[in-house]
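# Coordinates in review
Residue-level listing of the chains:
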Amino acid sequence: MTEASTPVEGSAWGRLPHWLRPRSAERSGSGRTRLVETTLLVLAGLLLAIATVNDVVRQTHVNQRLIADLRTWRSYTGHDYHNLSISQQLLGETSGREVVCGNTSPGMPKAETQLCLAIWGPVVDGRRTVHGGWYLPPKAEDLRADRYACFGPASPGVCSR
Amino acid sequence: MSVAAEGELGFARTRSEQWAPVLLALLALLLVAATAEIVLDGALDHSALIPKSPEIAGWLKGIGERLGYRVFLIALLTFTAAYAGLVALAGRAGVISKRSAIILIGALHVIVFAGPILLSTDVFSYIAYARMGVEHGLNPYVHGPIAIAHDPIYYYVGQDWKHVATAYGPLYTLLSYPLAPLGVKGALWGMKLEALLASVGTLALTWRCARTRGLDPVKALLIVGANPLYIIYGLGGAHNDLIMLLLMMAAVSLTLAGRDASAAAAVVAGALVKATVAVLLPFMIVSKRSLKPLLGAGAALALGALIGYAAFGIHGIDVVAALNRDAAFVSTDSFATEIAHLFGKPGVFPVDHTLLKLALVLIGLHLLWRTWRGYDWVAASGWTLLAVSVTSTWLLAWYILWPLPLAVVARDRRLLVATLLVQGLFVAHQVSPLLAPVQ
């Protein structure tokens, strides 16, 4: 089997200026275009590589902060529960402030009364500072209308009662 | 070179040739072990990586442990490292036999086929759309799966897709319809089988195209068939991208055989599965500079549009609307998001979408010009597909598979290097849960 070739010479394309004429194959020695392309590709590759490494480092720092938040919730409540939920959006996605919610007694996730803590600040000894919180009834999502017994400086903006 | 130096080099070559089969066996073993680990752990229960699914791999339960990020990422990195070694080894002609390559790729396919659905809920959306049309008389181009909330498949559809009408082409939707009456489990096996057969077909055509172009077919086969994203994400998730790739490679194969009209029709058929593959068409037409591909594409498009319209109405052929909708999505794995983070932005803004589209248009125009002046149209198509995935704000692992089969049969080796580099960066981007596991 052979690859089909496309004749160019003698066709209607022959009337076009030389630089505009189509070719069946690249002219050998057209190295300048290739050099420019390769340079741009290398630069693009470098940008992607740097962006990827930066993002892995950024995400790792975020994860370390989340680990500290989970530890903080456990140490604050005295419950060593593992089914905790973290919201990074509620207090601003790029604010570094998180809300961690978990049951106040053993049970399926969200099946019991939940305690949510608003946590931010630097990580000290693997934990961060609790700046307030609220309770949620069993089986409720963390919505403003369901929050009660709010406490601390974090609660005024996010609590209704 | 002196005789002594030549002798030393020859000795070193002989010694490395002796070690090559041992190294090959070791790398193959790592690939199989990493795949088996993911499949066996995934078979136990759903997790953050394994979507909720009807029990189709129950007989594998009890061997592994529930698949978590740590084990998955170690297996994925092991697979990727072994694959890199294999690609390097395959670069030396004659080191890997055709038989060894087929056995290895066959083993990887069988393991993944026998296991659960990995890493994506997309296949449940495919089944939901099919059941909407066949079992409930609803148009999947008008309604999202929420319209069949009472159907057993609805429970398995991904949260983000419950309200979303299908974005796939009418040919794919019609292909999925015969699976709908088989029940959820039957349809799931049907989808897995479709993906398996599409993968086998893609690999066979890749082999054929490489051989036709005077390239090493074993190397081409291994680079595609043992690729971590191809096996774990593409085949593991039973993605319909594999069907699109099959039709794409059929088009390349037909072109190489001089059947330009059929090749263009195959591209259109591929685009009626998933629209992305349509980017091949302008390069094919510019390269061939004859009426045949235009006629082939035109006839296939007319037929496809007629069937699509008859089956689904105007929504079934409005591919542009679906593409525009999907182009607005943003995923954390996209390079656009990573670059936004690099420049201190929280994410991608509407202006970034516009800039990325502009960049894509410029790349496409440059490649069209290069193809007009004799550049390999297969390579140009591959570059465009790579550019589509890199500039997309909604990047998923199986999107970076699109240029791979073209890259291994293209005349420009840079495309393969760039594709593998982008894939490597994608894998590297997954590792943060390994460095700081949140639990």
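Residue numbers restart at each chain and count upward from 1, following the sequence in its written direction. As they are written, the chains are lettered A onward and the ligands numbered 1 onward, keeping that order. Only residues with pLDDT of at least 70 are given local features in this predicted model, and only at 80 or more are side-chain atom pairs given and counted; all residues enter the totals for whole chains, interfaces and linings. Hydrogen atoms and water are omitted, and side-chain values are computed over all heavy atoms in the structure.

Let us look at the overall build of chain B. Numbering of helices and strands starts at the N terminus; helices are DSSP runs of H or I of at least 4 residues and strands are runs of E of at least 2. When you go through chain B residue by residue, the secondary structure sums to 19 helices and zero strands. On the principal axes, the C-alpha backbone points of chain B span a range of 80 × 60 × 45 Å. In chain B, which comprises 439 residues, the share counted as buried stands at 57%. We call a residue buried when its accessible area falls under 20% of the maximum for its residue type, exposed when it is over 50%, and partly exposed in between, using a 1.4 Å probe and counting protein chains only.

Residue and element names in this part refer to chain A. To count as a disulfide, a pair of cysteine sulfur atoms needs to be within 2.5 Å. Going through the model one piece at a time under the given rule, you end up with one disulfide over all chains. Between the sulfur atoms of Cys101 and its disulfide mate Cys116 the distance is 2.1 Å. Residues Cys101 and Cys116 are joined through a disulfide that is right-handed, its torsion about the S-S bond being 110°. One end of the pair, Cys101, is in strand β2 (residues 98-103); the other, Cys116, is in strand β3 (residues 114-124), and 15 residues separate them in sequence. By relative accessible area, which is 5% here, Cys101 ends up buried.

For the rest of this paragraph, the subject is the nonpolar core. Residues and elements named next belong to chain B. The term nonpolar core refers to a set of buried residues drawn from Ala, Val, Leu, Ile, Met, Phe, Trp, Tyr and Cys, joined through side-chain atoms within 4.5 Å. In this structure, Leu31, Phe72, Leu86, Ile96, Leu222 and Leu280 are the most contacted members of the largest nonpolar core, which totals 142 residues. Examining the composition of this core, we find that 12 residues originate from one element, helix α9 (residues 241-256), more than from any other. Here Leu280 is in contact with Met248, Val252, Val267, Trp377, Ser381, Leu385 and Leu406, once residues within four sequence places are set aside. Whether two residues touch is decided by their heavy atoms; if any such pair falls within 4.5 Å, the residues are in contact.

The next point concerns the packing of helix α4 (residues 122-134) of chain B against helix α6 (residues 183-212) of chain B. All names here are of chain B. As a rule, the C-alpha atoms of each element are fitted with a line to give its axis, helices using only the stretch in contact, and angles between N-to-C directions run from 0 to 180 degrees. Between α4 and α6, the least distance of the axes is 10 Å, while the angle of their chain directions is 120°. By the criterion of interaxial angle, the relationship of α4 to α6 is oblique. Note that α4 runs across α6; the crossing there is right-handed. Each of Val123, Phe124, Tyr126, Ile127 and Arg131 in α4 lies in contact with α6, whose residues at this interface are Gly183, Val184, Ala187, Leu188 and Met191. Partitioned by chemical class, the residues of the contact of α4 with α6 number eight nonpolar, one polar and one charged. Any angle that falls under 35 degrees is termed roughly parallel, while one over 145 is termed roughly antiparallel, one within 65 to 115 roughly perpendicular, and all others oblique. Handedness of each helix crossing follows the sense of rotation of the near helix against the far helix: counterclockwise by less than a right angle gives left-handed, clockwise gives right-handed. Charged means Asp, Glu, Lys or Arg here, nonpolar means Ala, Val, Leu, Ile, Met, Phe, Trp, Tyr, Cys or Pro, and polar covers whatever is left, Gly included.

Moving on, we come to the packing of α9 of chain B against helix α10 (residues 260-271) of chain B. Residue and element names in this part refer to chain B. At a minimum axis separation of 8 Å, α9 and α10 run at an interaxial angle of 170°. In terms of their interaxial angle, α9 and α10 are classed as roughly antiparallel. Contacts between α9 and α10 involve Met244, Leu247, Ala251, Leu254 and Thr255 from the former and Asp260, Ser262, Ala263, Ala266, Val267, Ala269 and Gly270 from the latter. When the residues that make up the contact of α9 with α10 are grouped by side-chain class, the tally is eight nonpolar, three polar and one charged.

By definition, a salt bridge exists where a carboxyl oxygen of Asp or Glu is found within 4 Å of a side-chain nitrogen of Lys or Arg. Counted by the stated rule, this structure contains 16 salt bridges over all chains. Two residues, Arg414 of chain B and Glu37 of chain A, come together in a salt bridge whose shortest N-O distance is 2.9 Å. Of this pair, Arg414 of chain B sits in helix α18 (residues 413-429) while Glu37 of chain A sits in helix α1 (residues 31-77), each in a different chain. Taking the relative accessible area as the measure of exposure, Arg414 of chain B reaches 13% and is therefore buried. For Asp55 of chain A, the salt bridge identified is with Arg58 of chain A, shortest N-O distance 3.1 Å. Of this pair, Asp55 of chain A and Arg58 of chain A both sit in helix α1, three residues apart, roughly one helical turn.

Right, let's get into empty space enclosed by the protein. Residues and elements named next belong to chain B. Throughout, the protein atoms alone are placed on a 1 Å grid, and a set of points is a cavity if a 1.4 Å probe fits but cannot get out or a pocket if it is open with protein on both sides within 12 Å along at least five of seven lines; lining residues have an atom within 4 Å of a point. Grid points are joined across faces, edges and corners, and a volume is the space filled by probe spheres set on the points. Going through the model one piece at a time under the given rule, you end up with one cavity of 30 Å³ or more. Of the pockets and cavities examined, the largest cavity occupies roughly 30 Å³. In terms of residue count, α6 provides more of the lining of the largest cavity than any other element does, three residues in total. Across the lining of the largest cavity, the residue classes break down as six nonpolar, two polar and one charged.

Here we take up the sheet that holds β3 of chain A. Residues and elements named next belong to chain A. Any two strands are treated as partners once DSSP identifies two or more bridges connecting them. Taken in spatial order, the five strands line up as β1-β2-β3-β4-β5 in an open sheet, and their pairing is antiparallel. Across the chains shown, the open sheet's two edge strands, defined by having one partner strand only, are β1 (85-87) and β5 (148-151). Ignoring which end each strand starts from, the neighbouring axes of this sheet average 25° apart. Across three bridges, the pairing between β1 and β2 is antiparallel. Its bridge partner lying in β2, Ser87 is registered against Val99.

With that out of the way, let us pick up the interface of chain B and chain A. Listed by partner, the interface residues are 42 residues for chain B and 43 residues for chain A. As used here, buried area is the combined drop in accessible area, with a 1.4 Å probe, of two parts when they are placed together. Sorting the residues of chain B by area buried against chain A places Arg289, Arg373 and Arg414 of chain B first, and these three jointly supply 19% of that buried surface. In this structure, Asp412 of chain B and Arg34 of chain A form a salt bridge, with 3.6 Å as the shortest nitrogen-oxygen distance. The term polar contact refers here to a pair of N or O atoms within 3.5 Å; inside protein, the definition further demands a hydrogen-donor-capable atom paired with an acceptor-capable atom, and it admits residues adjacent in sequence only when both atoms are side-chain atoms. Viewed at the interface, chain A and chain B are joined by nine residue pairs in polar contact (both at pLDDT 80 or more). Take the side of chain B that touches chain A: its biggest share by element is six residues, from α18 of chain B. Split into classes, the residues belonging to the side of chain B that touches chain A amount to 21 nonpolar, 11 polar and 10 charged.

For the rest of this paragraph, the subject is the side chain of His341 of chain B. Relative to the helices and strands, His341 of chain B resides in helix α14 (residues 335-342). By relative accessible area, His341 of chain B is classed as buried at 15%. With near-sequence residues (within four places) excluded, His341 of chain B lies in contact with Asn54, Asp55 and Arg58 of chain A together with Pro346 and Gly347 of chain B.

A word on the environment of Arg373 of chain B. One can find Arg373 of chain B in the loop between α15 (350-372) and α16 (377-391). Judged by its relative accessible area of 16%, Arg373 of chain B is buried. Through-space distance from the C-alpha of Arg373 of chain B to that of Ser287 of chain B is 8.6 Å; in sequence the pair is 86 residues apart. When sequence neighbours within four positions are dropped, the list of residues in contact with Arg373 of chain B reads His18, Trp19, Leu20, Arg21, Arg23, Ala25 and Glu26 of chain A.

Another point: a nonpolar patch on the surface. Residue and element names in this part refer to chain B. Exposure above 30% relative accessible area and the lack of any salt bridge qualify a residue for a patch; like charges then connect within 9 Å, and the nonpolar side chains Val, Leu, Ile, Met, Phe, Trp and Tyr within 5 Å. To measure how exposed things are, a 1.4 Å probe is used in the Shrake-Rupley method; for residues, cover is taken only from the protein chains shown. Taken together, Phe349, Val351, Leu355, Leu358, Val361, Leu362 and Leu365 make up a surface patch of nonpolar side chains, about 680 Å² in accessible area. With respect to the element layout, Leu362 can be found in helix α15. For Leu362, a relative accessible area of 54% puts it in the exposed group.

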